[in-house]
Each structure stands twice: as structure tokens, then as C-alpha cells.
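Structural description and commentary
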Amino acid sequence: MHKLVVLYSEPADPDHFRDYYVSKHLPLVMNWPGLLAWRYSFDVAATNGEAPYFAVFEGDFADADTMAAARASAYGQRVAADVANYATGGAVIIHYPVQDGTG
């Protein structure tokens, strides 16, 4: 599995961010080709001090190639271009292969 994580900094208008994200951006994300599962939160907290991010998104893809193809597709470009409509504080995008572990 390959994970895509988007870390959103504090926006200029948090209420607009939440409303737009849920009503307009997530419906785009839900139909992203190759996306196996997704989750998000506006309740980002730090174990010590203030959290450096306002919101987080996680998307699961089968592998890095599938994620890269999804991001490069016309639909993926539409999803990426939509971020400017709500994320006025900016966003950090990271991705990585997920290693399973047992304890």
C-alpha cells in the first residue's frame, strides 16, 4: 500500500475551509481513480504545544505507480487545482510506502 498525506496549515477563514472542503472538495476526492480509502480530520492536535497543522487528509493507493498515475491524470489535476479554493494557509503533501507491522 502507498499513502498520500496532505497537511493543511491554518487557513485565513477556517469556516470557509471546513465548508468548502466537505461540500465541494471531498466529493471530488471520492471519485479519484485508484483511491482505495481515504480519511480526514479537522481535529489535529500535538502531544506537546500547539499543533502545526489545521487539518489532515490521508489517501490509500495500491502502490506508488497507481498514486502517481492518479495524480497525473486529468481528474487528479482537477483535484489538485481545487486546493487553492480553500487552503489559503498552504498545504504540505507527502507520500510513502506503508510497511505492515505486528507487535
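The structure reproduced in this document is the subject of the present report.

Parameters and conventions
- Residues numbered from 1 in each chain as written.
- Predicted model: local features only at pLDDT ≥ 70, side-chain atom pairs only at ≥ 80, totals over all residues.
- Heavy atoms only, no water.
- Salt bridge = Lys/Arg side-chain N within 4 Å of Asp/Glu carboxyl O.
- Helix = DSSP H or I, 4+ residues; strand = E, 2+ residues; numbered from the N terminus.
- Buried < 20%, exposed > 50% of the residue type's maximum accessible area, 1.4 Å probe, protein only.
- Bend = angle between axes of the 7 residues up to and from the residue.
- Contact = heavy atoms within 4.5 Å.
- Pairing = 2+ DSSP bridges.
- Axes fitted to C-alpha atoms, helices over the stretch in contact; angles between N-to-C directions.
- Core = buried A, V, L, I, M, F, W, Y, C linked by side-chain atoms within 4.5 Å.

1. Considering the pattern of salt bridges
Under the counting rule described, the total for this entry stands at 5 salt bridges. Two residues, glutamate 58 and arginine 39, come together in a salt bridge whose shortest N-O distance is 3.3 Å. Here glutamate 58, found in strand S3 (residues 55-61), pairs with arginine 39, found in strand S2 (residues 35-41); they are 19 residues apart in sequence, far enough to count as distant. Assessed through its relative accessible area of 26%, glutamate 58 is described here as partly exposed. One connected set of salt bridges, linked through shared partners, spans Lys3, Arg39, Glu58 and Asp60.

2. Some remarks on helix H1 (residues 14-30)
Along its length, H1 shows its largest kink, about 45 degrees, at tyrosine 21. What H1 keeps buried is the set Phe17, Tyr20, Tyr21, His25, Leu26, Leu28 and Val29. Buried residues along H1 sit against strand S1 (2-8), S2, S3 and helix H3 (74-82).

3. Let's talk about the sheet that holds S1
Backbone-to-backbone hydrogen bonds pair the strands of a sheet. The strands run either parallel or antiparallel. An order of S2-S3-S1-S4 is seen for the 4 strands of this open sheet, with the pairing classed as antiparallel. With partners counted over all chains shown, the strands left at the sheet margins are S2 and strand S4 (91-97), one partner each. Mean inter-strand twist for the sheet, computed between neighbouring axes without regard to direction, equals 15 degrees. In the sheet, S2 pairs with S3 via 6 bridges, with the strands oriented antiparallel. When the sheet's bridge partners are listed, serine 41 is paired in S3 with valine 56. Across the face of the sheet, H1 comes into contact with S1, S2 and S3 while running at roughly 175 degrees to S2.

4. A look at the nonpolar core
If you look at the biggest cluster of nonpolar residues, it comprises 21 residues, and the most contacted ones within it are Tyr8, Phe17, Tyr21, Trp32, Phe61 and Tyr86. Taken together, the elements giving at least two residues each to this core come down to S1, H1, S3 and helix H2 (64-72). It is H1 that provides the largest number of residues to this core, a total of 6 residues. Excluding residues within four positions of it along the chain, tryptophan 32 makes contact with Leu4, Phe61, Ala70, Arg71, Tyr75, Gly76 and Val79.

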